[in-house]
Amino acid sequence: MKNKSQIATLLATFGAISTTWAAVALDITSPPVVGPPGTGPSPQDPNAKQGQWFSDNKALPYEFHDNATNFGGGTSGTLAIKGIVTSITYAAPGANQPIIAFQVSASITNDTPGIGPWNPGSNSHGETLNTSIQYVGDMPGTRMTIEFALADLNLQPNTWNLPYTQYTPEIIANNEDTTAWYCFSNDVQNPGNFYVPAWDFGNIPMGQTATRLLDFSVNLGMLNTDPRYNPLVTSFNDGVSDILMNRTTSLKISNWVDGIWVDNGSPYPSEESALLNSNASVFFIPEAGTSALLSLLGILALRRRR
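Bear in mind that the values here come from a model prediction, so they are computed numbers and not experimental data.

Trainee: Honestly, the overall build of the protein in this entry has me stumped. Any pointers?
Mentor: The helix and strand tally for the protein stands at 3 helices and 14 strands. Across the protein, the fraction of contacts at a sequence separation of at least 24, relative to all contacts at a separation of at least 6, is 75%. As displayed, the protein offers around 12400 Å² of accessible surface, 54% of which is attributable to carbon and sulfur atoms.

Trainee: Please explain the sheet that holds strand β13 (residues 209–222) as it appears in this structure.
Mentor: Overall, antiparallel pairing links the 4 strands, which are arranged β5-β6-β13-β10 in an open sheet. One side of each edge strand has no neighbouring strand; the edge strands of this open sheet are β5 (81–90) and β10 (171–173). Taking each pair of neighbouring strands and ignoring which way they run, the sheet shows an average axis angle of 30 degrees. Here strand β6 (residues 99–109) runs beside β13; their pairing, made up of 10 bridges, is antiparallel.

Trainee: Can you help me understand the nonpolar core in this one?
Mentor: In globular proteins that are soluble, nonpolar side chains generally tend to be buried together. Counting 38 residues, the largest nonpolar core has Phe-64, Phe-102, Met-144, Ile-146 and Phe-216 as its most contacted members. Trp-118, Ala-198, Val-257 and Phe-283 belong to the second-largest nonpolar core, a separate cluster that totals 24 residues.

Trainee: I would appreciate a short explanation of the environment of Asp-200 in the present structure.
Mentor: On the secondary structure map, Asp-200 appears in strand β12 (residues 193–204). Accessibility expressed as a relative area gives 31% for Asp-200, which makes it partly exposed. Along the primary structure Asp-200 and Val-282 are separated by 82 residues, whereas in three dimensions their C-alpha atoms are 9.9 Å apart. In this view, Asp-200 contacts Thr-142, Arg-143, Asp-177 and Arg-212; residues no more than four positions away in its chain are not counted. There is a polar contact of 2.5 Å between the side chain of Asp-200 and the side chain of Arg-143.

Trainee: Can you help me understand the environment of Ala-95 in this one?
Mentor: By the element assignment, Ala-95 lies in the loop between β5 and β6. On the basis of relative accessible area, Ala-95 is assigned to the exposed category, the value being 67%. It is 9.4 Å that separates the C-alpha atoms of Ala-95 and Asn-224, two residues lying 129 residues apart in sequence.

Trainee: What am I meant to see in the pattern of salt bridges here?
Mentor: Once their charged atoms are close, side chains differing in charge can pair, the charge on each being opposite to the other. Across all of its chains, the model carries 7 salt bridges by this definition. Residues Arg-247 and Asp-66 are paired through a salt bridge, measuring 3.2 Å at the closest nitrogen-oxygen approach. One end of the pair, Arg-247, is in the loop between α2 (229–238) and β14 (280–284); the other, Asp-66, is in the loop between β4 (62–64) and β5, with 181 residues separating them in the sequence. Each member of the pair, Arg-247 as well as Asp-66, carries the same accessibility label: buried. Close ionic contact of Arg-228 with Asp-226 constitutes a salt bridge, the shortest N to O distance being 2.8 Å. The buried category is assigned to Arg-228, whose relative accessible area is 2%. Through salt bridges with shared partners, a single network forms among Asp-56, Arg-143 and Asp-200.

Trainee: What am I meant to see in the pairing of β6 here?
Mentor: For a regular strand, side-chain orientation follows a simple rule: the groups alternate between the two sheet faces. As defined by bridge partners, β5 adjoins β6 across 9 bridges and the pair is classed as antiparallel. Counted as the bridge partner of Ile-81 is Ile-108 from β6.

Trainee: What am I meant to see in unusual backbone geometry here?
Mentor: Of all residues except glycine, most have a negative phi; of all peptide bonds, most are trans. Here Pro-31 and Pro-32 are connected by a cis peptide whose omega angle stands at 15 degrees. In this fold, Pro-32 is placed in the loop between β1 (25–27) and β2 (52–54). Of note, the bond from Ser-42 into Pro-43 is cis; its omega dihedral lies within 30 degrees of zero at 15 degrees. Within the element layout of this structure, Pro-43 appears in the loop between β1 and β2. Positive phi outside glycine occurs at Ala-48, with the angle close to 55 degrees. Checked against the element boundaries, Ala-48 lands in the loop between β1 and β2.

Trainee: Please clarify how α2 should be interpreted in this entry.
Mentor: For an α-helix, 3.6 residues make a turn, and residues three or four places apart therefore share a direction. Inspection of α2 places Tyr-229, Pro-231, Leu-232, Val-233 and Ser-235 among the buried residues, and these make up the whole buried set. The inward-facing, buried residues of α2 abut β5, β6 and β13.

Trainee: Looking at this structure, how should I read the packing of aromatic side chains?
Mentor: Any two aromatic rings considered together are summarised by their centre-to-centre distance and by the angle between their planes. Inspection of every chain in the model, using the stated rule, returns 17 aromatic pairs. Ring plane angle 50 degrees and centroid distance 5.3 Å describe the contact between Phe-148 and Phe-216, whose orientation is recorded as tilted. Note that Phe-148 is positioned in the loop between β9 (139–146) and β10 and Phe-216 in strand β13, a separation of 68 residues in sequence. Relative to Tyr-164, the ring of Trp-160 lies with its centre 6.3 Å away and its plane at 85 degrees, an arrangement referred to as edge-to-face. For the pair formed by Trp-160 and Tyr-164, the shared burial category is buried. The rings of Trp-160, Tyr-164, Tyr-182, Tyr-195 and Trp-256 are connected pair by pair, giving a single aromatic cluster.

What counts and what doesn't
Residues numbered from 1 in each chain as written. Predicted model: local features only at pLDDT ≥ 70, side-chain atom pairs only at ≥ 80, totals over all residues. Heavy atoms only, no water. Helix = DSSP H or I, 4+ residues; strand = E, 2+ residues; numbered from the N terminus. Contact = heavy atoms within 4.5 Å. Areas by Shrake-Rupley, 256 points an atom, 1.4 Å probe, with all protein chains shown as cover. Pairing = 2+ DSSP bridges. Axes fitted to C-alpha atoms, helices over the stretch in contact; angles between N-to-C directions. Core = buried A, V, L, I, M, F, W, Y, C linked by side-chain atoms within 4.5 Å. Buried < 20%, exposed > 50% of the residue type's maximum accessible area, 1.4 Å probe, protein only. Polar contact = N/O pair within 3.5 Å; in protein donor to acceptor, adjacent residues only side chain to side chain. Salt bridge = Lys/Arg side-chain N within 4 Å of Asp/Glu carboxyl O. Phe/Tyr/Trp six-rings, centres within 6.5 Å; stacked < 30°, edge-to-face > 60°.

Right under this line is the structure:
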């Protein structure tokens, strides 16, 4: 718990913080999340009351988003969660050859707090979140999930019926640290599992950026007719096009498997492949002793700015 002098410092610096509004971080425990039963792993937390679960028996209760400026975003805007393709391996020399592997430099910039309004969130398994209270502070235990990839080719659902979405050829994560839960534990025929690859980014203080290199391979190769092909090549060739996104319209891992596209920086992109405006998600543990205080300060500042 922070002592009085630390809290006083936070209060004294709030005026400076309020001029650099940025991405929004939201509580994803239940409540405020509402939804059907069975959306969490059993027996740990079958109704997902504790947030987003991971295979190492951890549940992270907050989610971080990369909304556009004045839509819950600010200084970093839609680049608060960013992915740039840094290498591509082709099946053979020459143009338009199949992609068999690629790497993404993924970064998370903790530029909380955000300024709204932001749109409410939902996901493919029926959960919703509509809240005006946000978290402000450091982001301990941060993890990023990548929803366009499988953790392992052998780790797939029994059938690819909704709320699962199949993309072939499969993109496989090669260097993930753990895996994240997706779907229903009470579906006897097609139960959920820790399907989704996740990477640890550690503690990200306010105003700081953490970066990891994510490594992927493509099962049997991705042809140039695949809608995921051009975004990968574009990002690699120009070195600036962002292929990762997580707007507040996405709650937890909102869809798996998802597509790849270039984030065009608009508040809520309308590309068909951008299901719920997310193909990556970021989760963390709130900093002890600051969440309630700074959430309140964020609300007061929002009222001042309206």
